[in-house]
Amino acid sequence: PRLAQLAAGFKARYEADAQKPFLAAVATLNQSYVANGIGRARAAAQQKGTLEEVTALDAEKARIQSGQPLPPADLETLPASLKGLRATYRGALAKIEADRAQKAAPLYDLYIGALNAYVTELTKANKIDDAQKVKTLRDDIAAQKPQVDAAVATLFP
């Protein structure tokens, strides 16, 4: 029961402090990408009469509106306008992800600290098997903690 309580507390804080703002920022990014970026590029491509570019931009709009992520790499055949849009999108998304990682890191630290305290408490009570299980869980949680490196930290002082 105590582990469930600690996990529920962590999950609630993570959702409220890191995940909800992340999802809202991604939704705003997607909306802007579709309306501004793709919309303008499509109008320009249509004005030029470039069918392949219009078709690629329409497919990109459908991809974003259906919630699909961008592919990890762009094909060489992709129109230059879409390559540029994707580069801008990926840069903005990386900042949003870095912000989430920075907000989540202290929450992980609190959770890991609470698990460490519980391991100590169980060890003092001579519940060694339970302490080892909690330590294993703690190690798994620590491995999931997002790493905020120095380069990312400079984006969000």
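Residues numbered from 1 in each chain as written. Predicted model: local features only at pLDDT ≥ 70, side-chain atom pairs only at ≥ 80, totals over all residues. Heavy atoms only, no water.

### Some thoughts on the overall build of the chain
To keep it simple, the criterion reads: Each helix corresponds to a stretch of at least 4 residues labelled H or I by DSSP, and each strand to a stretch of at least 2 residues labelled E; elements are numbered beginning at the N terminus. What the globule rule says is 2.2 Å times the number of residues to the power 0.38, and the radius of gyration is computed from C-alpha atoms. Only protein chains enter the area calculation, which uses a 1.4 Å probe; residues under 20% of their type maximum are buried, those over 50% are exposed, and those in between are partly exposed. The contact criterion used throughout is that any non-hydrogen atoms of two residues lie within 4.5 Å. Surface accessibility in these figures is a Shrake-Rupley result with a 1.4 Å probe; residues are shielded only by whichever protein chains are displayed. As used throughout, the charge tally considers Lys and Arg to be positive and Asp and Glu to be negative, leaving His and the chain termini uncounted. The location of each charge is read from NZ of Lys, CZ of Arg, CG of Asp or CD of Glu.
When helices and strands are counted, the chain shows five helices and zero strands. Helices (α) and strands (β) of the chain occur, in sequence order from the N terminus, as α-α-α-α-α. Taking 157 residues into account, the globule formula puts the C-alpha radius of gyration at 15 Å, and the chain, at 22 Å, lies well above it. Once the C-alpha set of the chain is aligned to its principal axes, its extents read approximately 75 × 30 × 25 Å. For the chain, with 157 residues in total, the buried portion stands at 27%. Of all intrachain contacts in the chain linking residues separated by at least 6 positions in sequence, the fraction that spans at least 24 positions is 64%. When the accessible surface of the chain is summed, it comes to about 9,800 Å², and 58% of that surface belongs to carbon and sulfur atoms. Put simply, the chain has 21 plus and 17 minus side-chain charges, and the middle of one group is 4 Å from the middle of the other.

### Focus on the packing of aromatic side chains
Put simply, the test is: A pair of aromatic rings is counted whenever rings of Phe, Tyr or Trp (Trp by its six-membered ring) have centres within 6.5 Å, and the orientation is called stacked for planes under 30 degrees apart, edge-to-face for over 60 and tilted otherwise. Charge-over-ring placement is defined geometrically: NZ (Lys) or CZ (Arg) within 6 Å of the ring centre, and within 35 degrees of the ring normal.
Throughout the structure, instances matching the rule amount to five aromatic pairs. Look at Phe-10 and Tyr-111: their rings are 4.7 Å apart centre to centre, the planes differ by 15°, and that puts the pair in the stacked class. With a gap of 101 residues between them, Phe-10 in helix α1 (residues 2-48) and Tyr-111 in helix α3 (residues 80-124) connect regions that are remote in the sequence. Sitting above the plane of the Phe-22 ring, Arg-100 keeps its charged end 3.7 Å from the centroid.

### Focus on helix α2 (residues 51-65)
We apply this condition: An expected span of 1.5 Å times one less than the residue number is assigned to each helix. Comment: arc refers to directions from the helix axis out to C-beta atoms.
Taking 1.5 Å of rise per residue, 15 residues should cover 21 Å, and α2 covers 21 Å from first to last C-alpha, within 8% of that figure. Taken together, the buried positions of α2 are Glu-53, Val-54, Ala-56, Leu-57, Glu-60 and Ile-64. Buried residues of α2, viewed axially, fall in a sector of 165°; they line one side. In α2, the exposed positions that point more than 90 degrees away from the buried face belong to Leu-51, Glu-52 and Gln-65.

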